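Structural overview
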Amino acid sequence: MSESARQLCDLHIHSNFSDSDADIESIFKQAKEKNLHCIAITDHDTVSGIPLARDCTGRYGVQLIEGLELSAQHQGLEIHVLGYFVDSDSLYLKKQLDSVRDIRRQRMLDMAKALNAIGVEVDIKELLEAIGMAMPTRLHLGLYLLGKGKVATLWEAFKKYLAPGRPAYVAGFKYSVKDAIEVIKKSGGLSFLAHPHMISNQAWVKEFIDFGLDGLEINYSNMSPVKKILYTQMASEHNLLKSGGSDAHGSYKEFTQVGKVTVPYEWVQAMKGRLERKK
Ligand SMILES: [Zn+2]
Ligand SMILES: [Zn+2]
């Protein structure tokens, strides 16, 4: 086995800049403990955690891929597109993500209003204070409901109110899948379809590939071996790169954690090779 096949990487990690309670420093600490060679910080619709991550990468001796996970919408359903090696300092990306933040904030307020309308009281000021600088997500609303004793578990918050089809769910993301791929491309990065096995209409995967994806996420904690083989074949058929990771969300997703799912560093080298050729 080559050196880079043995070096392990976790390329899907969230921090407290989106909907995890893990701070950047603790993520690097865990990565170091697990002897990871490289990690990607991929917060939802934000690169705000990247400056801190840059500070940690040298200190912990763990390579960093500057990334994010963009939310997109396809026929009313939420689709996630991972972006790796984006230029986090680019004004173009900053402008895009600022407007996403505004839309997400408005969505949060609409969901809070929907809850109030059905008699589940939400104090909007208090909710916004709790979110602070993080990118507003449904999880924050779930945590608020949990904290107020309106639900017994986060799972209940989603099942009763916040999941698609439930009374407080509001769709409305800025990008189509095609747009999300474009934004990542214009930011100098590589786009990957996140957790493709979770997409209800599997015919879409092929459609999204045709939009110009660079790769597929094919290592994921609950992906079946059959699906993994299928996406691996698809990747080689369409000359796509491969990725994978834990999708760790600190203590909010107990079934996964930094380093739970890894990919060999060879896959990262293949990404770097493609970026070089694009230059
Ligand atoms: Zn996702
Ligand atoms: Zn994720």
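Residues numbered from 1 in each chain as written. Chains lettered and ligands numbered in written order. Predicted model: local features only at pLDDT ≥ 70, side-chain atom pairs only at ≥ 80, totals over all residues.

1. Section: the overall build of the protein
- Along the protein, the regular secondary structure elements total 11 helices and nine strands.
- Here the C-alpha radius of gyration of the protein, 18 Å, is about what a compact globule of 279 residues would show, namely 19 Å.
- For the protein, the C-alpha atoms occupy an extent of roughly 60 × 40 × 40 Å along the three principal directions.
- Each of the 279 residues in the protein was classed as buried or not, and the buried ones make up 47%.
- Within the protein, contacts between residues at least 6 apart in sequence are counted, and of these 70% link residues at least 24 apart. (Helix = DSSP H or I, 4+ residues; strand = E, 2+ residues; numbered from the N terminus. Rg over C-alpha atoms; globule rule 2.2 N^0.38 Å. Buried ≥ 20, exposed ≤ 12 C-beta atoms within 10 Å, placed from the backbone. Contact = placed C-beta atoms within 7 Å.)

2. Description of the nonpolar core
- Grouped together as the largest cluster of nonpolar side chains are 57 residues, with contacts concentrated most on Ile-39, Val-81 and Ala-180.
- The residues touching Val-81, leaving out its near neighbours within four places in the chain, are Leu-70, Ala-72, Val-177, Ala-180, Ile-181, Ile-184, Ser-191, Leu-193 and Ala-194.
- Ranked by size, the runner-up nonpolar core spans 15 residues in total, among them Val-122, Tyr-144, Leu-145 and Ala-157. (Core = buried A, V, L, I, M, F, W, Y, C linked by C-beta atoms within 7 Å.)

3. Here's the deal with the environment of Ala-53
- Within the element layout of this structure, Ala-53 appears in helix α3 (residues 50–60).
- Remark: the alpha-carbon pair of Ala-53 and Glu-66, spanning 13 residues in sequence, is separated by 8.4 Å.
- Residues within four places of Ala-53 in sequence aside, it is in contact with Ile-24, Ile-41 and Leu-64.

4. Some points on the pairing of strand β7 (residues 215–219)
- Of all five residues that make up β7, five are buried, and the element is covered over most of its length.
- By the bridge criterion, two bridges tie strand β6 (residues 190–193) to β7 in an arrangement that is parallel. Directly across from Leu-193, in β7, lies its bridge partner Leu-216.
- One crossover worth recording links β6 to the parallel β7 by way of helix α9 (residues 203–210), and it is right-handed. (Pairing = 2+ DSSP bridges. Right-handed = clockwise from strand over helix to strand, strands pointing away.)

5. A few points about the domain arrangement of the protein
- Annotation of the protein at the domain level lists domain 1 (3–89 + 180–278) and domain 2 (98–162).
- Taking only C-alpha atoms into account, the centre of domain 1 sits 26 Å from that of domain 2.
- Contacts between domain 1 and domain 2 engage nine residues on the former and seven residues on the latter. (Domains from an automatic or database assignment.)

6. Observations regarding α3
- What α3 keeps buried is the set Ile-50, Ala-53, Cys-56 and Tyr-60. One face of α3 carries all of its buried residues, which in axial projection span an arc of 110°. In α3, the exposed positions angled more than 90 degrees off the buried face are occupied by Pro-51, Gly-58 and Arg-59.
- Looking at the residues trailing α3, positive phi occurs at Gly-61, about 65°. (Arc of directions from axis to C-beta.)

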